[in-house]
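These are the residues of each chain, in order.
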Amino acid sequence: MHSRLKRGLMLSLLILPFTWLGMNEVNAHKGATGLVKERMDLMKQVGKDMKSLKAMVRGNRAYDPRLVAQISHSMQQAARQIPGQFPEGSLQHPTEARPQIWQQWDKFTNYVRQLETESARLQQIAASADRQSIQHQFRQLNKTCLGCHKSFRKKKKKS
Ligand code: HEC
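For clarity, every value in this text was computed on a predicted model and none was experimentally measured.

Rules used throughout
- Residues numbered from 1 in each chain as written.
- Predicted model: local features only at pLDDT ≥ 70, side-chain atom pairs only at ≥ 80, totals over all residues.
- Helix = DSSP H or I, 4+ residues; strand = E, 2+ residues; numbered from the N terminus.
- Buried ≥ 20, exposed ≤ 12 C-beta atoms within 10 Å, placed from the backbone.
- Expected span 1.5 Å × (residues − 1).
- Near = placed C-beta within 6 Å.
- Nonpolar A, V, L, I, M, F, W, Y, C, P; charged D, E, K, R; others polar.
- Arc of directions from axis to C-beta.
- Contact = placed C-beta atoms within 7 Å.
- Axes fitted to C-alpha atoms, helices over the stretch in contact; angles between N-to-C directions.
- Parallel < 35°, antiparallel > 145°, perpendicular 65-115°, else oblique.
- Left-handed = near helix turned anticlockwise from the far one by under 90°.

K.L.:
Could you give an account of the overall build of the protein chain, naming the residues involved and the relevant values?
P.N.:
A count of helices and strands for the protein chain gives six helices and zero strands. Along its sequence from the N terminus, the protein chain presents helices and strands in the succession α-α-α-α-α-α. Each of the 159 residues in the protein chain was classed as buried or not, and the buried ones make up 16%.

Structural data, given as structure tokens:
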């Protein structure tokens, strides 16, 4: 009994630091505050919306034209918020934003405008029966996300 207790204790002493490390990593992502947190939350929402669109466009979920229009509309609103969410030098931990944003501000805001126009186009055709055009427009939108991320967002280490 005594030695089992001792072994258990030793084991938890061994495991404890790892649990701690794991927790810190989780908290690191949640540790964002202020504006950086706001914009990460904004982008996270955009990411969720994009997943819903993708599921509908690919036919993994029933296509709902009103929902597609609604999501595309809120993406335009999100786009309009982006420039204001990136004041110069706002690179506080745990941001994934790259300093190039302010060195190439015109290029960055071009992507913002592109996000707005591509999602507006998707909104316009959401109710049409032309699935190919809808799929094409979804890809244009997706390219905009990827283009901006490639230049201005740090590569994620995981997930
Ligand atoms: C104008 C550039 C730009 C465009 C366009 C853009 N993003 Fe982002 N996105 C960023 C930047 C910069 C970050 C990192 C923000 C930070 O960490 O402070 C980011 C972060 C994200 C994140 C991670 C959020 C988090 O912290 O959990 C997701 C998800 C995301 N974007 C999805 C999208 C999707 C989907 C689209 C297209 C519909 C899109 N983004 C369009 C620049 C852009």
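K.L.:
Provide a residue-level description of helix α2 (residues 34-57), including the pertinent values.
P.N.:
The end-to-end C-alpha distance of α2, which contains 24 residues, comes to 35 Å, matching closely the 34 Å that a straight helix rising 1.5 Å per residue would cover. Of the residues trailing α2, glycine 59 is marked for its positive phi of about 80 degrees.

K.L.:
Any details on the site of the ligand? Residues and values, ideally.
P.N.:
In the vicinity of the ligand, 24 residues are found, and the nearest of them are Met40, Met43, Gly47, Cys145 and Cys148. Elements with a minimum of two residues in the shell around the ligand: α2, α5 (105-125) and α6 (131-152). It is α2 that contributes the most residues to the shell around the ligand, eight residues altogether. Class assignment for the residues of the shell around the ligand results in 16 nonpolar, four polar and four charged.

K.L.:
So what's going on with α6? Residues and values would help.
P.N.:
An α-helix turns once per 3.6 residues; consequently, residues spaced three or four apart project the same way. The end-to-end C-alpha separation of α6 is 32 Å, in line with the 32 Å expected for 22 residues at 1.5 Å each. Within α6 the residues assigned to the buried category are Ile134, Gln137, Phe138, Leu141 and Thr144. Looking down the long axis of α6, one finds its buried residues gathered within 110 degrees of arc, a one-sided arrangement. Exposed residues lying more than 90 degrees from the buried face of α6 are Arg131, Gln132, Arg139, Lys143, Leu146 and Lys150. Buried positions along α6 lie against α2 and α5.

K.L.:
Describe the packing of α5 against α6, with residues and values.
P.N.:
Two elements in contact, α5 and α6, have axes whose closest approach is 9 Å; the angle formed by their N-to-C orientations is 165 degrees. Comparing the axis directions of α5 and α6 gives the class roughly antiparallel. The element α5 and its partner α6 pack so that their crossing is left-handed. Note on element contacts: α6 touches α5 through Ser133, Ile134, Gln137, Phe138, Gln140, Leu141, Thr144, Gly147, Cys148, Ser151 and Phe152, opposite Lys107, Phe108, Tyr111, Gln114, Leu115, Glu118, Ser119, Arg121, Leu122 and Ile125.

Everything listed here is a matter of coordinates, which is why it stays silent on function.
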